[in-house]
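Examination of the molecular architecture
Read off the chains here:
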Amino acid sequence: MAVQGVVLGERDSVALEDIEVGAPGAGEVLVRIEATGVCHSDLHVIEEDGWGHAYPILLGHEGAGTIEAVGEGVDGLAAGDRVVIGWKTACGDCPTCRRGAPRQCKRPPAATGRLLRRDGSVLTPVLRTGTFATHTVVPQVAAVKVPRELPVEQACLLGCAVATGVMSVLETAKVWEGARVAVIGCGAVGLSVIQGARIAGASEIRAIDLDERKLEQAKRFGATHTEPGPVDFVFDVVARRSTVEQGIGLLSSGGTFVLIGLSPGGETVELSLPQLFAKQATILVSHGGDHLPQEDFPRLAQWALDGKLDLAGMVTRTAPLDGWSDALEAMKGGDVIRTVLLP
Ligand SMILES: [Zn+2]
Ligand SMILES: [Zn+2]
């Protein structure tokens, strides 16, 4: 079937192309993408020479849509279902999954060879999803049913930014009620951390960002302060030398620093070991907030429907699929919380 997708064909070469999508294989589903958020990780893929994905690459990993076809043996999903696509899935049989830690699975399943470029070369979808496209094929565990009452341009955010931010608080760090929290970097993920901290019952939520506009936004999502101060948890969504140093400096005794953001290749940091020891600090690394799509998307969707989670306020712009380039520029410039492309 001829469809369209935004392809990183080789280093620094991105274009909207006609591509081919095959029928879903056993255990796979074909999804018509109706909305896809433009996340920093897509920019990271472009800027970091594919970020480990083999060229050519189909961009996008924060999508939602409707199932058009299911492969053999697919259970519990049918054509017409509204789904959010998850990238942080679990295989169910690696040593990590078998010891009961599917959230840390390092072998998430992929549907390979279903998406092709016009010349026949196989596309690698970013994080096994490839949502900057009109259609994609994913394993059934990556397609999670959500209620149709949740507008699709909001639902797609559950797929990456919201799951990453909220679950970094609830799952990775397990923030307790009454804790003091700081968030460095108040884009879509940072605002989701703020919302997660609010849901966890944090007593103080400090938003830290160099951009004044983002601090104003942060207050709308639940930040109580917009200046640094001592805290129990620091979430670093920026992940640069300066922010890690600042973050560890803000920790109170027994505090926890959580690294969420993607650093540029080669980024390093110098830590004072006596300071780390004196504070008895914990350093955690969050891969997407250790979220598990099958378990977390339904409850996040329900929180959004219940008004506990503000997704509507995060969608500051929508554009057609061919607006991908402007959307990336707007994100770099900090002009938007999220642009959602509507393929
Ligand atoms: Zn596994
Ligand atoms: Zn993302």
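Residues numbered from 1 in each chain as written. Chains lettered and ligands numbered in written order. Predicted model: local features only at pLDDT ≥ 70, side-chain atom pairs only at ≥ 80, totals over all residues. Heavy atoms only, no water.

Note on the zinc ion (ligand 2): its protein donors are Cys39 (SG), His61 (NE2) and Cys160 (SG). The metal-donor distances range over 2.0 to 2.2 Å. Each donor residue of the zinc ion (ligand 2) belongs to the same chain, and together they define the spacing C-x21-H-x98-C. Of this pair, cysteine 39 sits in the loop between β3 (28-37) and α1 (40-47) while cysteine 160 sits in the loop between α3 (152-155) and α4 (161-172), and the two are 121 residues apart along the sequence. Assessed through its relative accessible area of 3%, cysteine 39 is described here as buried. Overall, cysteine 160 belongs to the buried group, its relative accessible area being 5%. (Donors = N, O, S within 2.8 Å, 3.2 Å for Na, K, Ca; no water. Helix = DSSP H or I, 4+ residues; strand = E, 2+ residues; numbered from the N terminus. Buried < 20%, exposed > 50% of the residue type's maximum accessible area, 1.4 Å probe, protein only.)

Let's shift gears to the coordination of the zinc ion (ligand 1). Six octahedral donors around a metal ideally make angles of 90 or 180 degrees; four tetrahedral donors ideally make 109.5 degrees. Taken together, the protein donors to the zinc ion (ligand 1) comprise Cys91 (SG), Cys94 (SG), Cys97 (SG) and Cys105 (SG), at separations of 2.3 Å. Its 4 donor atoms give the zinc ion (ligand 1) angles of 105 to 115 degrees at the centre, a pattern that matches the tetrahedral case. In the primary sequence, the donor residues of the zinc ion (ligand 1) line up as C-x2-C-x2-C-x7-C. Judged by its relative accessible area of 3%, cysteine 94 falls in the buried class. Look at cysteine 97 and you get buried, because its relative accessible area is 10%. (Tetrahedral: all angles 85-135°; square planar, octahedral: opposite > 155°, others 65-115°.)

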